[in-house]
Amino acid sequence: MLLHPGYLLQLGKLTISKVIGKIHKLSSGDSHFSDSIRKENSVLIDAASKLGIAVNEHNGGILEFSYQGKSSFLKTNITELDPAISLKLAGDKQLSATLLSRLNLPVPNCRSFHRKDLHKAEAFRQQLGGIVVVKPSRGTSSGTGITAGLSTAKEFRKAFFLASLYDSQVLVEEFIAGDNIRLLVIGDNVVSAVKRIPATVIGDGSSSIKQLIKIENQRRKSSREMPRLWPIEHNADMQLTLKRTGLTLGSKPKNGAAVQVKTICNGHQGGSVEEVTSLVHPDFNTMAVEAAKALGIVFAGVDLITPDISASPDDSSKINEVNTTPSLYGHYLAQNRAELRDPAADLLKYIFQNSSTMPQSDIRQ
């Protein structure tokens, strides 16, 4: 079967991007991936120190936590808590949406298509009407391969081929407007909730958006104080976001003007967060815990989209995704530092307090 030219174009762009990334890694002796491991592990190590839990660092970023004869291994946000089948269920976006809807939990209208069924996918887009989101159906994280806010056939086809590079199944779903909230679930509780804000730069009256992004990325790279955000990377999401507002990378925003340069709000895409746990309506907490349990997940990041997280959910509030191995570090990046929670400590407490070998009262509070 001949491959569609659009698919080959996106494949070529991805290949070039990966080659450039490999060259950068070899020249710098580091990588974005290894930096992420250090960041995620750092909050666990700090939490263990506060709780009096011993830590042994092994090769490959694996951490061994020990307390009174009980040990548990973690690597960043990968734990021993969740069974492999639950990881597979949550990792399939179409299947997880189906399972949640069976329990009357609200999810966006969506459908998965094989990469060869572009025409069927286009027909579904037209059926949905309005703006849509396209993403790989399985096997990705951190916003990889996702394009949001698509309104034209040309944009849709490009996004479809991009997503198909990461999985043979491509998910097409309705775009839900509202705030994107990540609720971190551990067992029966939501231990932290953050509002995720897409990457934004502030104009200075003379620099182009491209220059402002470079300046901001340099600031983030050199920063030694929290919050230490991930860099804002150039991709198709950035191009579409700017296009929708009539801007380009060469545009020069007025002094003090805030310009949103991404639609995808994931931290790995350069977004920022605001701690909102104290604002979350109890019904949303219940919804998040129920969603995690529906997929058999103990440690989950439940993404909600809603116009108001402080009010009881209405028909426009949806569960966007349920993520296994959710980032802990991302919750420590909140701009409102006084409201920070300590989910890494909550995770370690849960792991050891739910062990039959350790009385719950032994953990330092």
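Residues numbered from 1 in each chain as written. Predicted model: local features only at pLDDT ≥ 70, side-chain atom pairs only at ≥ 80, totals over all residues. Heavy atoms only, no water.

Trainee: How should I be thinking about the overall build of the protein chain in this particular structure?
Mentor: Of the regular secondary structure elements, the protein chain holds ten helices and 14 strands. By the burial criterion, 48% of the 365 residues in the protein chain qualify as buried. Restricting the contact set of the protein chain to residue pairs at least 6 apart, pairs at least 24 apart contribute 70%. Surface accessibility of the protein chain: about 17,800 Å² in total, with carbon and sulfur atoms responsible for 53%. (Helix = DSSP H or I, 4+ residues; strand = E, 2+ residues; numbered from the N terminus. Buried < 20%, exposed > 50% of the residue type's maximum accessible area, 1.4 Å probe, protein only. Contact = heavy atoms within 4.5 Å. Areas by Shrake-Rupley, 256 points an atom, 1.4 Å probe, with all protein chains shown as cover.)

Trainee: I would appreciate a short explanation of the environment of G178 in the present structure.
Mentor: You can see G178 is positioned in the loop between β7 (169-174) and β8 (179-186). For the pair G178 and D308, spaced 130 residues apart in the sequence, the C-alpha separation amounts to 7.8 Å. For G178, the residues in contact, after removing those within four places along its chain, are I305 and T306.

Trainee: Teacher, can you tell me more about the pattern of salt bridges here?
Mentor: If the charged atoms of two oppositely charged side chains come close together, the side chains can form a pair. The final tally for this structure, using the stated rule, is eleven salt bridges. Among the salt bridges present, the one from D167 reaches R138, with a minimum N-O distance of 3.0 Å. Taken together, the residues span a long stretch of sequence, with D167 in the loop between α6 (153-164) and β7 and R138 in the loop between β5 (132-136) and β6 (147-150) at a distance of 29 residues. The exposure class assigned to R138 is partly exposed, which follows from its relative accessible area of 32%. Of the charged contacts in the structure, one is a salt bridge between K293 and D188, with a shortest N-O distance of 2.6 Å. Of this pair, K293 sits in helix α9 (residues 282-294) while D188 sits in the loop between β8 and β9 (189-197), and the two are 105 residues apart along the sequence. By relative accessible area, which is 52% here, D188 ends up exposed. (Salt bridge = Lys/Arg side-chain N within 4 Å of Asp/Glu carboxyl O.)

Trainee: Teacher, can you tell me more about the sheet that holds β8 here?
Mentor: Pairing between sheet strands relies on hydrogen bonds along the backbone, with the strands arranged either parallel or antiparallel. The sheet built from five strands is open, its strands ordered β12-β9-β8-β13-β14 with antiparallel pairing. In the strand order of this sheet, the two ends are held by β12 (272-275) and β14 (318-324), each with one partner. For this sheet, the mean angle separating the axes of adjacent strands, direction not counted, is 30°. By the bridge criterion, seven bridges tie β8 to β9 in an arrangement that is antiparallel. Pairing of L184 across the sheet is with S192, part of β9. (Pairing = 2+ DSSP bridges. Axes fitted to C-alpha atoms, helices over the stretch in contact; angles between N-to-C directions.)

Trainee: How should the side chain of N320 be read in this particular structure?
Mentor: In this fold, N320 is placed in strand β14. Filtering out sequence-adjacent residues up to four positions away, N320 remains in contact with P108, K135, E173, N180, D303, L304 and I305.

Trainee: Can you walk me through the environment of T306 in this structure?
Mentor: Position of T306 relative to the elements: it lies in strand β13 (residues 299-306). It is 6.5 Å that separates the C-alpha atoms of T306 and S316, two residues lying ten residues apart in sequence. What T306 contacts, discounting residues up to four positions off in sequence, is G178, D179, I181, F284 and S317. There is a polar contact of 3.3 Å between the side chain of T306 and the backbone nitrogen of D308. (Polar contact = N/O pair within 3.5 Å; in protein donor to acceptor, adjacent residues only side chain to side chain.)

Trainee: Would you take a moment to explain the pairing of β13 for this structure?
Mentor: Here is the key point about a regular strand: its side chains alternate between the two faces of the sheet. With eight of eight residues buried, β13 lies mostly within the body of the structure. Of the two faces of β13, the one lined by F299, G301, D303 and I305 and the one lined by A300, V302, L304 and T306 are each fully buried. Examined bridge by bridge, β8 and β13 share eight bridges and lie antiparallel to one another. The partner of R182 across the bridge, within β13, is D303. With six bridges joining them, β13 and β14 adopt antiparallel strand pairing. Among the inter-strand pairings, A300 is bridged to a residue of β14, identified as T324.

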